[in-house]
Every structure is written in C-alpha cells, then in structure tokens.
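Structure assessment
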Amino acid sequence: LNMCATPQTPDVKLQVGLEMRAAAKTVSSTQTLKKASVILSKTKTQPRQTGSDRSTDEIIIGMTLDEVIQFITETTIVGGTFYIASMEDEGKAIFLLKECIKRMVVCALVHSIWYYTDFHKHIGVWKTSEPRTHFIFTLKTMWIVFLYMLGKYATEKFLCIKATTLEFIVLYQITEEHIGERLASLLRCGENNSTMKDALLAVIIFYLLDLGRYVGHRIGHAESVWYRKFPWAHAHHHNQVFMDPLLNFMSPYVHFAAIGTYVPCGVFAAFGYERAARWAWVASIFPTLTQHMGADPLPWLTRINHYYFYGALPWISLYHSYHHLHIVKSGNFGNTSCLWDYVFGTVTPESIYHIEHGEPTPRIKKFFADADKLERHFVKNLANKNRIDLS
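Residues numbered from 1 in each chain as written. Predicted model: local features only at pLDDT ≥ 70, side-chain atom pairs only at ≥ 80, totals over all residues. Heavy atoms only, no water.

**Brief notes about helix H7 (residues 143–159)**
Taking 1.5 Å per residue, 17 residues should reach 24 Å; H7 reaches 25 Å between its end C-alpha atoms and fits that length. Buried within H7 are the following residues: Ile-144, Val-145, Phe-146, Leu-147, Tyr-148, Met-149, Leu-150, Gly-151, Tyr-153, Thr-155 and Glu-156. Tucked inside the fold, the buried residues of H7 contact helix H3 (65–88), helix H4 (92–116), strand S1 (161–163) and helix H12 (256–270). (Helix = DSSP H or I, 4+ residues; strand = E, 2+ residues; numbered from the N terminus. Expected span 1.5 Å × (residues − 1). Buried < 20%, exposed > 50% of the residue type's maximum accessible area, 1.4 Å probe, protein only. Contact = heavy atoms within 4.5 Å.)

Set out below in structure tokens:
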C-alpha cells in the first residue's frame, strides 16, 4: 500500500499490481484449505444419526413430532368442516362434497381450455405458451380447489352470511336491541331507501371492501406463517404464473382477502342496506374473474386507469399478472382495483413500464423468450410444492 501511495512509473505499478494479486490468491487459497479441512474433520468425527439418536424430533409412525401435529391440525380442520355441515342439515355434508368435486372439475376444464388453445401465446400478457410442466402441476394441485370450497363454507358459516354469484344474505340484523334506539335511528336503513341512495352507497361499500381485500392480501404476503402454512398457505395461489379466470379458487381454506370482502358487505347488510351490499358484492365478482384472465384485451382501458384514475377502475388484469410474476418485487395487492396500491405506493414498477411502453421490460421479455429455458425453470421452481403445507 505504501508503494502504491508513492508516485511510480507504469512498469513499477504493473509489477506491484501483479505481486498484490498473487498475494491475494495465496491468502484466499490458504483460507479455503483451512475451511475444507475443518469440514472434513467434522465429517470424520461425527457419525451418522440413526432413528434412536434423534432426541429433538422423535419418530412417531414414520413422522416427526412436528409433522404429526401438522397432520392432526389438517385432519381436524377438514374433518371438522364436514362434521359442521352434517350437523347443520341432513345431507349437507354430501352436498358440500359434491360441490367441491364439481368445482374442481370445472376449474380443471377451464385451465385445460386455456392451455390447449394456447391462450397465453396468442392473447396473454407474456406472449408465450404455458410450459407443460406448469400445466401438469396445475392439474395435479386441483385438490386446493377442494380445500377452498370447504374454507368458503366454514368462513360464511362463521360470519353468518350466505354468498352466491348474484346474492349476498346476512343471517342476522343489528337493531335497536343491540345498539340502542338513538344509534339505530342514525345507522339503520330507512324503510324507503331510494335507488340512487343505494347506488351511491354501493360504490362506497365497493371501495371499502376493496380496501379490506387490499389489507387482507398484504397480510397474506407479510409473514411466512400466513403465506406458506395451512390453513392459509397463500403461496399455493402464487405457484400459478399462467393464469385462468377461475384461479381465485386455488387458494386453500382461508384467504384474508375473502374476509376483507365479506365483512364490509356483511356489516352494511346487517344494518338493513341489503340491496346496496348485494350490488357491491356482485360488482366485486367481475374484477375477481378478469384479474386472473392472464391477458389484457383492453390495454387502452388499462392506460386510462393508470393515467387518469390512479388504478381506481375495476380493470386490473395486467396489474395482477405482474402480482403473480415471481421474478419481480411483490406488489399490486389490489384485488378489485389498484387504487390502494397507488395510495400506499405498492404498485409494481415493471407493470407501470408495461402500461406506458406497451410491452414488458427487456429483462422480463428475456425471461419468457426461451421456451426450453422457461420449461427448465418451472421444473425447478415447482419441485416439491405439491403438498398441503409449504413452510
């Protein structure tokens, strides 16, 4: 260092540089040999553990204690749901089983149509065919839809609501007996609520449930326990990069975003605003389907949504495609609009680039360009993920 600090001729500088490089290699090699000798000594001195040596994780019927606890938890949740259904009504458990199987078949059929028509190459956001590994994995994990239907039933049962495509019904009402006559007169719906008032209130409820879904969705991504562990395991939903409209059903048992939808609609309906709550609920179904389409057939509408409405329009198919792209930073958490992503600064930058330039960034284009490389990527990325708990 002292030699380099003083003025030297070019030849002397070159010689000093070569000597320093050689010295660095010698030090590095010496350290590497020391580390290797330590590893080898540990390997020789420590015998392989057998079943009797595992004091921390005792083997029980071929599983560790943690695995047994997890198995009991999963069995209790699934079996308990069917038990509750059987207690509700005779034949309800059989009806629930049939609904689960029917929804699995429909979801598998829709995804197969998307695959065999090569939808993602002709119309999709990434303009490339879905890798066969991705398609086979999706069909193999259709049991997630089964768990979703069980969770939907259990959540609605717990919240005392019943929701279908065109109906949202609460099984209770909040009256003056619960909150007093004075509060009830202020908060309860009047007997003759006008259509215009209900329409305005439906818009308010829509963006409240949009906020609830945004918050619930961010919670689902916030911690590993919510993202990977059953009964939440939102990571199952994100194994899907090449989407179809029914991908919403591939999220096992409890999804916080669903609760964020139910609660605002349920509260307003419980105060007597059933019509406004139903309109907001039905309106939320459209972006739920289109966000998972895997394509953006109306890019002009997406640009209007970005430039003039800050994501507030319920047209977010391109935004959500980037939410499912695992090679970019997690963002675009909105499920019915991206308004709250703009408010809280969680819009994925690559999706903004796509909107403004009409195509993905060069890095993303390169990722999807080579079909063989993409196939190998998903072979590696989806390995060992066909299981109920991903923690």
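**Brief notes about the nonpolar core**
If you look at soluble globular proteins, the nonpolar side chains tend to sit buried side by side. Counting residues in each nonpolar core, the largest one holds 32 residues, and the members touching the most others are Leu-96 and Leu-150. Among the elements that line this core, the one with the most residues is H7, at 8 residues. Those residues in contact with Leu-150 that lie beyond four places of it in its chain are Val-78, Thr-81, Phe-82, Leu-96, Cys-100 and Tyr-253. Phe-168, Val-170, Cys-189 and Leu-209 belong to the second largest nonpolar core, which has 22 residues in total. (Core = buried A, V, L, I, M, F, W, Y, C linked by side-chain atoms within 4.5 Å.)

**A short note on the layout of surface pockets**
Each pocket or cavity is described by its volume, and for the largest pocket that value is around 1,100 Å³. In terms of lining, the largest pocket is formed by 45 residues, of which the most central are Tyr-148, Lys-152, Glu-156, Ala-163 and Tyr-262. Breaking the lining of the largest pocket down by element, the ones donating at least two residues are H4, H7, S1, helix H10 (195–222), H12 and helix H13 (274–290). If you tally residues by element for the lining of the largest pocket, the top one is H7, at 8 residues. (1 Å grid on protein atoms, 1.4 Å probe; cavity = no way out; pocket = protein on both sides within 12 Å on 5 of 7 lines; lining within 4 Å. Points joined across faces, edges and corners; volume = space filled by probe spheres on them.)

**Section: the confidence of the model for the protein**
Averaged over every residue, the pLDDT of the protein is 85; residues scoring 70 or more account for 84%. In this model residues 1–8 is a low-confidence stretch, pLDDT under 50, and it forms 5 contacts with partners more than four residues away in sequence or in other chains. Between residues 38–56, whose pLDDT stays under 50, and residues either more than four places distant or in other chains, the model counts 4 contacts. (pLDDT = per-residue confidence, 0-100.)

**Things to note about the side chain of Arg-213**
Note that Arg-213 resides in helix H10. The side chain of Arg-213 sits in the buried core without any salt bridge; Asp-210 is the nearest counter-charge, 6.2 Å away. Polar contacts involving the side chain of Arg-213 include one to the side chain of Thr-288, which spans 3.0 Å. For Arg-213, the residues in contact, after removing those within four places along its chain, are Ala-257, Gly-260, Thr-261, Ser-284, Thr-288, Gln-291, Asn-335 and Thr-336. (Lys, Arg positive; Asp, Glu negative; His and termini not counted. Salt bridge = Lys/Arg side-chain N within 4 Å of Asp/Glu carboxyl O. Polar contact = N/O pair within 3.5 Å; in protein donor to acceptor, adjacent residues only side chain to side chain.)

**Some words on unusual backbone geometry**
The omega angle of the peptide bond from Phe-230 to Pro-231 is 15 degrees, so this bond is cis rather than trans. Secondary-structure assignment places Pro-231 in the loop between helix H11 (224–228) and H12. Unusually for a residue other than glycine, Asn-332 sits at a positive phi of about 55 degrees. As for its placement among the helices and strands, Asn-332 is situated in the loop between helix H15 (317–323) and helix H16 (339–344). Note on Asn-332: relative accessible area 0%, which makes it buried.

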